[in-house]
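# Structural overview
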Amino acid sequence: MARKVCLDSDACIACGFCYDSVPDVFGSDDEGTAFVANPDGADEASIQDAIDGCPAACIFWEET
Ligand code: SF4
């Protein structure tokens, strides 16, 4: 089954980890809040590292 990375921006604490480590997938707004810019921008292992490292645990997989 396919899956797509999702991000709850309301829970993001703007630490910068995800968009600093996987900039081809995650972006940020003017306040540093993250969002998914391109869910297919990196391999799943890189995205999983961002999921595992997010201190707010607000990045997750969604089955599609
Ligand atoms: S790693 Fe988590 S808390 Fe940090 S900027 Fe990304 S989504 Fe926000």
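- As named in an unreviewed UniProt entry, the protein chain is Ferredoxin, taken from Desulfurispirillum indicum.
- In its Function (unreviewed entry) section, the UniProt entry covering the protein chain states "Ferredoxins are iron-sulfur proteins that transfer electrons in a wide variety of metabolic reactions."

### Quick word on the pattern of salt bridges
- The full count for this structure, using the stated rule, is one salt bridge.
- Put simply, R3 and E44 hold a salt bridge, and the shortest N to O gap is 2.8 Å. Taken together, the positions of R3 in strand β1 (residues 3-7) and E44 in helix α2 (residues 44-53) put the pair 41 residues apart, joining distant regions of the chain.

### Concerning the site of the ligand
- Inspection of the region around the ligand gives 15 residues, with C12, C15, G16, C18 and C54 positioned closest.
- The greatest single-element share of the shell around the ligand, amounting to three residues, is contributed by helix α1 (residues 17-21).
- Taken together, the residues of the shell around the ligand break down into 14 nonpolar, one polar and no charged.

Calculation rules
- Residues numbered from 1 in each chain as written.
- Predicted model: local features only at pLDDT ≥ 70, side-chain atom pairs only at ≥ 80, totals over all residues.
- Heavy atoms only, no water.
- UniProt positions renumbered as here; feature names shortened; annotations may be inferred.
- Salt bridge = Lys/Arg side-chain N within 4 Å of Asp/Glu carboxyl O.
- Helix = DSSP H or I, 4+ residues; strand = E, 2+ residues; numbered from the N terminus.
- Near = heavy atom within 4 Å.
- Nonpolar A, V, L, I, M, F, W, Y, C, P; charged D, E, K, R; others polar.

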